[in-house]
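Understanding the architecture of this molecule
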Amino acid sequence: MTFTQVYKKLLKHYGRQHWWPAETPFEVMVGAILTQNTAWTNVERAIARLESRSCLTPQAILEAPLSELVECLKPSGYFNLKAQRLRNYCQWYIDAGEFPCLSCINTDALRKQLLAVNGIGPETADDILLYAFERPVFVIDAYTRRIFSRLKLLASDANYEVLRHQFETGLQMDVAVFNEYHALIVRHAKDVCKKRPDCADCCLVHICLFCEE
DNA sequence: TACCAGGAGAAAA
DNA sequence: TTTTCTCATGGT
């Protein structure tokens, strides 16, 4: 089984996922920060609160009183932490020139800048690069680790950069494929979790889907 | 009631 | 350098 074969099976089974669920690139960025260790349904509530208070722009987030920002973020959990992280990100985003200025920076340099922002780790940076900046970067999350280590395509204890490199060299460097693949992995993980909640260790690999036809 | 969810950073060992 | 702890709400 190869990365490409798994992708084709997932795509055939679930169809296109149309990710990321957001109206604008900046909303993608906000969602990427708010979804850290948090269910997406809770992130949606927080984003809706930001939007209802006209706080879904980097300028508005920086100008809003911290107490108001915290109030908006409460449904997504870790609200104090995320309010500060969101502000850190917005400050960098404005200082760096926003869109379209940032589109001129090459992917490696942009990734380094993102990782230098307090609160932006590898996964969040890659979410932003792939879904907001449309760069060919593969996002490695907990689902990806579990599913692909079970398929013996990845080592579960390898560090993030090693896993990302394995994925990116195992596929064609294509933004559309990376976008769809990660979305399908999340969809699959959630789908299987719902079907088999009794399974120990959250059995994320739906064997029938991946067995040889 | 207990556990987990589309992590990251600081502190401790 | 590696491991552990903290941040926190909402759904199951």
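Remember, it's a predicted structure, so these values are computed and weren't measured experimentally.

We now examine the protein's contact with DNA strand C. Within the structure, DNA strand C sits among Asn37, Thr38, Ala39, Thr41, Asn42, Lys74, Pro75, Gly77, Tyr78, Phe79, Asn80 and Leu81. Going through the elements one at a time, helix 3 (40-52) and helix 6 (79-96) are the ones with two or more residues in the surface near DNA strand C. Sort the elements by how many residues they give to the surface near DNA strand C and helix 6 lands first, with three residues. For the surface near DNA strand C, the class distribution of residues is five nonpolar, six polar and one charged.

In an α-helix, one turn spans 3.6 residues; hence positions three or four apart end up facing the same way. If you check helix 1 (residues 3-14), its first and last C-alpha atoms are 16 Å apart, about what twelve residues at 1.5 Å a residue would give, namely 16 Å. Taken together, the buried positions of helix 1 are Phe3, Val6 and Leu10. Projected down its long axis, helix 1 shows its buried positions confined to an angular sector of 65°, all on one face. The exposed set on the far side of helix 1, more than 90 degrees from its buried face, consists of Lys8 and Lys12. Residue glycine 15 follows helix 1 closely and has a positive phi angle near 75°.

What surrounds DNA strand B is a group of 24 residues, the closest being Gln36, Trp40, Gly121, Glu123 and Thr124. Elements supplying a minimum of two residues to the surface near DNA strand B: helix 9 (122-132) and helix 12 (175-195). Per element, the largest residue contribution to the surface near DNA strand B is four residues, and it comes from helix 9. Among the residues forming the surface near DNA strand B, the class breakdown is ten nonpolar, ten polar and four charged.

Time to look at the packing of helix 5 (residues 66-73) against helix 6. Put simply, helix 5 and helix 6 touch, their axes get as near as 9 Å, and they point 115° apart. In the crossing of helix 5 with helix 6, the sense of the turn from one axis to the other is right-handed. Facing helix 5, whose interface residues are Leu66, Leu69, Val70 and Leu73, helix 6 presents Phe79, Asn80, Lys82 and Ala83.

What follows deals with the domain arrangement of chain A. The domain boundaries assigned to chain A delineate domain 1 (3-17 + 139-210) and domain 2 (25-132). Averaged C-alpha coordinates put domain 1 and domain 2 at centres separated by 25 Å. Contacts between the two partners involve seven residues from domain 1 and, on the opposite side, six residues from domain 2. With three residues, helix 12 is the single largest residue contributor to the side of domain 1 that touches domain 2. Residues of the side of domain 1 that touches domain 2, tallied by class, amount to five nonpolar, one polar and one charged.

Next up on the list: the nonpolar core. With 52 residues, the main nonpolar core has Tyr89 and Ile128 as its most contacted residues. Ranked by residue count, the leading element in this core is helix 12, at seven residues. Among the domains, domain 1 (3-17 + 139-210) and domain 2 (25-132) are the pair contributing at least three residues each to this core. When neighbours within four sequence positions are excluded, tyrosine 89 is seen to be in contact with Met29, Ile33, Val117, Gly119 and Ile120.

Calculation rules
- Residues numbered from 1 in each chain as written.
- Chains lettered and ligands numbered in written order.
- Predicted model: local features only at pLDDT ≥ 70, side-chain atom pairs only at ≥ 80, totals over all residues.
- Near = placed C-beta within 6 Å.
- Helix = DSSP H or I, 4+ residues; strand = E, 2+ residues; numbered from the N terminus.
- Nonpolar A, V, L, I, M, F, W, Y, C, P; charged D, E, K, R; others polar.
- Expected span 1.5 Å × (residues − 1).
- Buried ≥ 20, exposed ≤ 12 C-beta atoms within 10 Å, placed from the backbone.
- Arc of directions from axis to C-beta.
- Axes fitted to C-alpha atoms, helices over the stretch in contact; angles between N-to-C directions.
- Left-handed = near helix turned anticlockwise from the far one by under 90°.
- Contact = placed C-beta atoms within 7 Å.
- Domains from an automatic or database assignment.
- Core = buried A, V, L, I, M, F, W, Y, C linked by C-beta atoms within 7 Å.

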